[in-house]
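Residue-level structural notes
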Amino acid sequence: MPRQNYRDLTKEQLVELLEARDRRRFGLVWERDAIEHDRALNSDFVALDPIPELSAPEKGRCENLILEGDNFDGLRALAVAYAGQVKCITIDPPYNTGNRDFVYNDRFVDKDHAWRHSLWIEFMYQRLTLARDLLAQDGAIFVSIDDNEMLHLGMLMNEVFGEANFVANIVWQHSVQPKGYSGKISLHHNYIIAYSASGSFCLNDVPRTDAHNTSYSNPDDDPNGPWRSGDVRNALLRPNLIYELTTPSGKKIKPPAKGWRWSRETMAEKIRTGEIVFRDEETRIIRKIYLNKLDGRPVESIWFGGDVGTTRAGNKELKEILGESAFSTPKPVRLIERILQIASNPGDLILDFFGGSGTTAHAVLKMNAANPGDAPRRFILISNTEATAEEPDKNLCRDVLRQRVANVISGYGDTPGTGGSFAYLQTRRIPISRVVRKIEHGQVWTFLQLMHCGDLILEGAMASGRLYARKEAGLFYLTSITEALLQRLEKEIEPGAVIYTWQPEALAARFADPRVSILPIPQTLIDRFGKNSGGAQ
């Protein structure tokens, strides 16, 4: 982001700037001019290079993606194919503790840095803004954080996603072992702040367990099975629900102070079906909540370590998979499973752009293996190498995340493999003015497959690399035009086919069938790359 030199502004520009600041009555404000520029921010086009030797196809296909590169680049590249399609984003960003956990411009930010919080907020703002545009309208994002930046993150999420889209601030018990502090509160929790993309998001219940059902019984041999009693009173004052209730014998019962839970008509129907019964000469009202009518359990705001795992469990899991922990604070698989249970459904696309140790991919693969009859959830993970000036050869994405996912798929120790697949891709920047000359045919074909198929077949070129095709999807990429290629293409295509080419006019002259679409390269990719790809202002 360029620095603002106020001395270069005219009086009118300064007045306009001050008036704009005055209009901002409430919200998060952070330093953006004095902080060091984030060198990851750029306006280049971002291409994706598949690395076959690091990928794990299944029957030739790769349904999931692992992207190696700065997540600012990775998020912009995904916009070409996945804008508005991601159902659930779950991330575990650096917490900015000052204890060598937040890498900025290849250096760790320590707790004494004058602009530590502003650096982190700006870093997150740029990436959350890009992530927002990838979310489906009925999607949601879940961000893990601790006390260091929790208050700032909440206001930042309001800024990016809108206060009306706040879902919850979940408390996760990450530790159950008491700390040996003296004179301090022993901390045992982190937070997971959730926001939706819009009011279309619908939260799923969590699966029920036997422990959830212990309060259900059937003391009166009700043919509907076990039940527990519930309240018939309203929790909030609703004047339209304040009315006298008439019992089956005709007795009148005065309403509770805040009214009944339902309208007259609904209450009458529940009495008729036996969901509401009267006992002790109709002085006591019982609402029966039947176990067989419950599909799940409402999500609660406190998640205990015994239910979703702790940091210690996450470390144990990672050590079992890789033979060493290799990561300071990995999340337990059950924690991410809980997020996916409540915020996604079979067949949905999951994104984690702080891929870390790969827990999100592990959770997706585990859930898919446990439900083979359902459409599989798919994942996209982005992770940087996290190389620093002190460790220039470090590659967390390749050596930890990728290896963990590969081991989970194939199996490790006594744990059988989940099955599944992934393509490993590296981001590559191309100056936008040089895309025509610098983009490679393989990079074009990767984007076209992701746009139209959602998965990758790593080998797709034919005719000496001049024609790429996925006939089952009606997708073709013609890199040059010759008579021989045109004759072959005529035999391959069917109505509804989409052909991409560098010479659309020449191809259109040959294929006059309106049922065949002919689209230009690279302009189609550049248009999809988006206007907001150079960093939010």
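Above this text you will find the structure in question.
Residues numbered from 1 in each chain as written. Predicted model: local features only at pLDDT ≥ 70, side-chain atom pairs only at ≥ 80, totals over all residues. Heavy atoms only, no water.

Looking only at helices and strands, one finds 15 helices and 26 strands in the protein. Principal-axis analysis of the C-alpha atoms places the extent of the protein at approximately 90 × 65 × 60 Å. Every one of the 537 residues in the protein was classed for burial, and the buried ones make up 47%. In the protein, the share of contacts with a sequence separation of at least 24, taken over all contacts with a separation of at least 6, comes to 69%. If you sum the accessible surface of the protein, you get close to 26,900 Å²; carbon and sulfur atoms cover 49% of it. Averaging the locations of the 66 positively and 70 negatively charged side chains of the protein gives two centres separated by 3 Å. (Helix = DSSP H or I, 4+ residues; strand = E, 2+ residues; numbered from the N terminus. Buried < 20%, exposed > 50% of the residue type's maximum accessible area, 1.4 Å probe, protein only. Contact = heavy atoms within 4.5 Å. Areas by Shrake-Rupley, 256 points an atom, 1.4 Å probe, with all protein chains shown as cover. Lys, Arg positive; Asp, Glu negative; His and termini not counted. Charge placed at Lys NZ, Arg CZ, Asp CG, Glu CD.)

A few words now on the sheet that holds strand β9 (residues 189-196). Across the sheet, ten strands lie side by side as β1-β20-β3-β17-β16-β4-β7-β9-β8-β15; this open sheet has mixed pairing. Only two strands of the sheet have a single neighbouring strand rather than two, namely β1 (45-50) and β15 (302-303). Inspection of the sheet shows strand β7 (residues 135-145) paired to β9 by six bridges, in the antiparallel sense. Paired with F142 across the bridge in β9 is A194. On top of the sheet, helix α8 (residues 333-343) reaches β4 (86-91), β7, β8 (166-173), β9, β15 and β16 (349-352); it is set at about 155° to β4, its chief contact. Helix α9 (residues 359-370) rests against β3 (64-68), β4, β16 and β17 (378-383) of the sheet, and its axis sits at about 170° to β17. (Pairing = 2+ DSSP bridges. Axes fitted to C-alpha atoms, helices over the stretch in contact; angles between N-to-C directions.)

Glancing now at the sheet that holds strand β22 (residues 461-462). Sheet strands pair via backbone hydrogen bonds, and the direction of the pair is either parallel or antiparallel. With mixed pairing, the five strands of this open sheet are ordered in space as β22-β23-β24-β25-β26. In this open sheet, the two edge strands, each paired with only one partner strand, are β22 and β26 (517-520). Strand direction decides the pairing type here: β22 and strand β23 (residues 467-470), joined by two bridges, are antiparallel. Along β23, the bridge assignment pairs A461 with Y468. Against the sheet, helix α13 (residues 483-492) touches β22, β23, β24 (475-478) and β25 (498-501), its axis set at about 175° to β24.

Tracing the chain through its elements places L75 in helix α2 (residues 71-82). When its relative accessible area of 1% is taken as the criterion, L75 is described as buried. Sequence-wise, L75 and L130 are 55 residues apart; in three dimensions their C-alpha atoms are separated by 6.3 Å. Excluding residues within four positions of it along the chain, L75 makes contact with R127, L130, A131, L134, L351, F353 and I382.

In terms of nonpolar packing, the biggest core is built from 74 residues, with L128, L351, F353, L448 and L525 touching the most fellow members. Take this core: its biggest share by element is ten residues, from helix α3 (residues 116-134). With near-sequence residues (within four places) excluded, L448 lies in contact with L475, Y477, Y500, I521 and L525. Counting 40 residues, the second-largest nonpolar core is a separate cluster that includes C88, I321, L381 and F422. (Core = buried A, V, L, I, M, F, W, Y, C linked by side-chain atoms within 4.5 Å.)

Looking now at the state of the cysteines. Across all of its chains, the model carries zero disulfides by this definition. The cysteine C202 is free of any disulfide, with C88 supplying the nearest cysteine sulfur at 14 Å. Among the cysteines around C397, which has no disulfide bond, C62 carries the closest sulfur, lying 15 Å off. (Disulfide = S-S within 2.5 Å.)

Take the pattern of salt bridges next. Counted by the stated rule, this structure contains 34 salt bridges. Of the charged contacts, one joins K331 and D92 as a salt bridge, the two residues approaching to 2.8 Å between their closest N and O atoms. One end of the pair, K331, is in the loop between α7 (311-322) and α8; the other, D92, is in the loop between β4 and β5 (103-104), with 239 residues separating them in the sequence. Residue K331 is classed as buried on the basis of its relative accessible area of 7%. (Salt bridge = Lys/Arg side-chain N within 4 Å of Asp/Glu carboxyl O.)

This part is about the packing of α2 against helix α12 (residues 441-452). At a minimum axis separation of 8 Å, α2 and α12 run at an interaxial angle of 55°. Looking at the two axes, α2 sits oblique to α12. On α12, the residues touching A77, V80, A81 and Y82 of α2 are F447, L450 and M451. The residue makeup of the contact of α2 with α12, split by class, is seven nonpolar, no polar and no charged. (Parallel < 35°, antiparallel > 145°, perpendicular 65-115°, else oblique. Nonpolar A, V, L, I, M, F, W, Y, C, P; charged D, E, K, R; others polar.)

Another aspect to go through is the pairing of strand β20 (residues 422-430). Direction of pairing for β1 relative to β20: antiparallel, over a ladder of six bridges. Across the sheet, the residue bridging to A47 is R428, located in β20. Bridging between β3 and β20 involves five bridges; their strand directions are parallel. Its bridge partner lying in β20, L65 is registered against A423.

Once that is clear, we can look at the packing of aromatic side chains. What the rule picks out here adds up to twelve aromatic pairs. When the ring of F123 is compared with that of F354, the centres are 6.1 Å apart and the planes differ by 50°; the resulting orientation is tilted. Taken together, the residues F123 in helix α3 and F354 in the loop between β16 and α9 connect sequence positions 231 residues apart. Given the relative accessible area of 8%, F123 is considered buried. The rings of F102, Y104, F123, F353 and F354 are connected pair by pair, giving a single aromatic cluster. In this structure, K270 packs its charged tip against the face of W262, placed 4.9 Å from the ring centre. Residue placement shows R338 over the ring face of W303; its charged tip is 5.2 Å from the ring centre. (Phe/Tyr/Trp six-rings, centres within 6.5 Å; stacked < 30°, edge-to-face > 60°. Lys NZ or Arg CZ within 6 Å of the ring centre and 35° of its normal.)

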